[in-house]
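Observations on the model geometry
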Amino acid sequence: VVLTPSALSKYHITLDAKISQKRKPGQSLEQWAAAKELKDEERQLLEAVADLVHCIKLQTGVELQVESESKSAGPAIDLRILKLFDNFAPETFHLVVQPGSLQIDAIDLNGLRHGIYTLLSDHLDCHWFQPGKIGEEFAIPADKTIRLPQVDFHCVAHGKNSERHQLPSFHS
């Protein structure tokens, strides 16, 4: 899957997860994540989404918009909590990359956050050697184009360990 800046400009990010504090009009992800009313796992998820937007912007020059529900047609990065995974452990996620679609589905907010950071570190080559922007170590493609393999895998959490499994897609 090749994502050029012109292709990415048609993308948006859909965050389909219940966050207790609604995002205010004009509020950045960082400002939303700083709201005192948020639970820790909500704050950490919003920070992960902000890291995803930041990494893609540095790599391509395109800043993707984040929507709380899919209002836009066209290609998207879908971040969703799905109850398909009720029989799996907390923090389980499913990552699918295919042309025109990138999906991370999880059973809970922490699973969604782990899926985002797996995408960032394993597929976008974005790493941190310490927290914050000062610790960023991001690969910046010379041609501002992201190249991703087609991916379809599950990560099932077991306490402090996790297993990755190639599985058939849950998506039609």
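Rules used throughout
Counting of residues starts from 1 at the beginning of each chain's written sequence and follows it residue by residue. Totals for whole chains, interfaces and linings use all residues, but because this is a predicted model, local features are given only for residues with pLDDT of at least 70 and pairs of side-chain atoms are given and counted only at 80 or more. Side-chain metrics in this entry use all non-hydrogen atoms of the structure; hydrogen atoms and water are not considered. Secondary structure is summarised from DSSP: a helix means a run of H or I of at least four residues, a strand means a run of E of at least two, and numbering begins at the N terminus for each. Residue exposure (1.4 Å probe, protein chains only): buried if accessible area is under 20% of the type maximum, exposed if over 50%, otherwise partly exposed. Contacts were defined at the residue level, with two residues in contact if any of their heavy atoms lie within 4.5 Å. Surface accessibility follows the Shrake-Rupley procedure with a 1.4 Å probe radius. Residue values consider only the protein chains on display as shielding. In this description, a disulfide is simply a cysteine sulfur pair whose atoms lie within 2.5 Å. The length a helix should cover is 1.5 Å for every residue beyond the first. pLDDT measures how confident the predictor is about each residue, on a scale from 0 to 100. Here the rule is simple: two strands pair whenever DSSP picks up at least two bridges between them.

1. Topic: the overall build of the protein
- Assigned secondary structure in the protein consists of four helices and 11 strands.
- Burial analysis of the protein (172 residues in total) assigns 46% to the buried set.
- If you take every contact in the protein between residues at least 6 apart in sequence, the share linking residues at least 24 apart comes to 64%.
- Split by element, the accessible area of the protein, about 9,200 Å² in all, is 51% carbon and sulfur.

2. Details of the state of the cysteines
- Evaluated as defined, the whole model comprises one disulfide.
- In this model Cys55 forms its disulfide with Cys126; the gap between the sulfur atoms is 1.9 Å. Residue Cys55 is located in helix H3 (residues 40-60), and its partner Cys126 is located in strand E7 (residues 126-128); the two are separated by 71 residues in the primary sequence. With respect to burial, Cys55 and Cys126 carry one shared label: buried.

3. Topic: H3
- With 21 residues, H3 extends 30 Å from end C-alpha to end C-alpha; this agrees with the ideal 30 Å at 1.5 Å per step.
- Positive backbone phi, approximately 85°, marks Gly61, located one or two places after H3.

4. Comments concerning unusual backbone geometry
- In the Ramachandran plot, Asp125 falls in the positive-phi region, its phi being about 55° despite a non-glycine side chain.
- Residue placement: Asp125 occurs in the loop between helix H4 (109-123) and E7.
- Given a relative accessible area of 40%, Asp125 falls into the partly exposed group.
- You will see that Lys144, though not glycine, has its phi angle at about 60°, which is positive.

5. Focus: the confidence of the model for the protein
- Averaged over every residue, the pLDDT of the protein is 85; residues scoring 70 or more account for 87%.
- Ranking the helices and strands of the protein by mean pLDDT puts H3 first, with 95, and strand E11 (residues 161-166) last, with 49.
- Contacts for the low-pLDDT stretch residues 165-172, under 50 throughout, to residues beyond four places or in other chains number 20 contacts.

6. A look at H4
- Taking 1.5 Å per residue, 15 residues should reach 21 Å; H4 reaches 21 Å between its end C-alpha atoms and fits that length.
- With 11 of 15 residues buried, H4 lies mostly within the body of the structure.
- Regarding H4, the residues found buried are Leu109, Asn110, Gly111, Leu112, Arg113, Gly115, Ile116, Thr118, Leu119, Leu120 and His123.
- Where H4 ends, the next residue or the one after it, Asp125, has phi of about 55°, a positive value.

7. Here's the deal with the pairing of strand E2 (residues 12-16)
- Where burial is concerned, most of E2 is hidden: four out of the five residues are buried.
- Pairing of E2 with strand E4 (residues 76-81), which is carried by five bridges, proceeds in the parallel orientation. Residue pairing across strands places Ile13 opposite Ile77, the latter belonging to E4.
- In this structure, E2 lies alongside strand E3 (residues 66-67), joined through two bridges in parallel fashion. Among the inter-strand pairings, Thr14 is bridged to a residue of E3, identified as Glu67.

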